Amino acid sequence: MDRLRSQLAATQATADASAASAQSAQLQCLALIKELDAKNSSLKEHEERVTRLGEQLDNLQKDLQARESSQKQLKDEVTRIEHDIMKAISQAGDSKDCELRKLLDEVSPKNFEKMNKLLVVKDEEITKLKDEIRVMSAHWKLKTKELESQVHPSLVPSITI
């Protein structure tokens, strides 16, 4: 009987230790699940930010393309006007007293100066947009790498119960 009581006590102690170990493992699993949920939430926020950055980058690229196209149209228009002016001058004759020539002599330098200033401003805007796109692109790549490192399977703890 004593031997059975001793075996029963040993079995009870083993059962108690197993129960405590199982409870400890369960608490660890719950903590890991909470940590995983927090990381998933953080990952979702990062994904949303990367998506927004990608959209901003796309918008900046579209704006840059539109500005470059506008600048090209402006340059083409200036060239066309210059051609039309030269054609009108040649048709009007070579007379120094020609009203058109006088008008052109007064207005032309001012217009060219204004056009050049406008083109310089547009060039600066385009350069600034290109710089912004480079910065956004670098930031986007960094965020993408962060997300990839968070998603990498070796970094996600495995949960076994």
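What counts, and where the lines are drawn
Residues numbered from 1 in each chain as written. Predicted model: local features only at pLDDT ≥ 70, side-chain atom pairs only at ≥ 80, totals over all residues. Heavy atoms only, no water. Helix = DSSP H or I, 4+ residues; strand = E, 2+ residues; numbered from the N terminus. Buried < 20%, exposed > 50% of the residue type's maximum accessible area, 1.4 Å probe, protein only. Contact = heavy atoms within 4.5 Å. Salt bridge = Lys/Arg side-chain N within 4 Å of Asp/Glu carboxyl O. Core = buried A, V, L, I, M, F, W, Y, C linked by side-chain atoms within 4.5 Å. Patch = residues over 30% accessible without salt bridge, like charges linked within 9 Å, V, L, I, M, F, W, Y side chains within 5 Å. Areas by Shrake-Rupley, 256 points an atom, 1.4 Å probe, with all protein chains shown as cover. pLDDT = per-residue confidence, 0-100.

A. Just the overall build of the protein, in detail. Counting its secondary structure elements, the protein contains 2 helices and 0 strands. Here the protein holds 161 residues, and 14% of them are scored as buried. Taking as baseline every contact in the protein between residues at least 6 positions apart, the subset at least 24 positions apart corresponds to 81%.

B. Highlighting the environment of Ala-66. The topology assignment puts Ala-66 in helix H1 (residues 2–92). Ala-66 gets classed as partly exposed once you look at its relative accessible area, which sits at 45%. C-alpha separation for the pair Ala-66 and Ile-126, spaced 60 residues apart in sequence, amounts to 9.9 Å.

C. Representation of the pattern of salt bridges. Under the definition given, this model contains 9 salt bridges. A salt bridge links Arg-80 to Asp-84, with the shortest nitrogen-to-oxygen separation between them at 2.6 Å. With Arg-80 and Asp-84 both in helix H1 and 4 residues apart, the pair spans about one turn of that helix. Between Arg-134 and Asp-131 there is a salt bridge, and its shortest N-O distance comes to 2.5 Å. Here Asp-131 and Arg-134 lie together in helix H2 (residues 99–151), a separation of 3 residues that amounts to about one turn.

D. Representation of the nonpolar core within the structure. If you look at the biggest cluster of nonpolar residues, it comprises 8 residues: Leu-53, Leu-57, Leu-60, Leu-64, Ile-126, Leu-129, Ile-133 and Met-136. Elements that contribute at least two residues to this core include exactly H1 and H2. With near-sequence residues (within four places) excluded, Met-136 lies in contact with Leu-53, Gln-56, Leu-57 and Leu-60.

E. Focus on a nonpolar patch on the surface. Together, Leu-27, Leu-30 and Ile-33 line one region of the surface with nonpolar side chains, adding up to about 270 Å² of accessible area. Relative to the helices and strands, Ile-33 is located in helix H1.

F. Representation of the environment of Arg-52 in the model. With respect to the helices and strands, the residue Arg-52 is situated in helix H1. The class for Arg-52 is partly exposed, based on a relative accessible area of 45%. Residues Arg-52 and Trp-140 lie 88 residues apart in sequence; the distance between their C-alpha atoms is 9.5 Å.

G. View of the confidence of the model for the protein. Per-residue pLDDT for the protein has a mean of 80; in total, 79% of the residues score no lower than 70. Every residue in residues 155–161 scores below 50 in pLDDT, and together they form 11 contacts with partners more than four places removed in sequence or on other chains.

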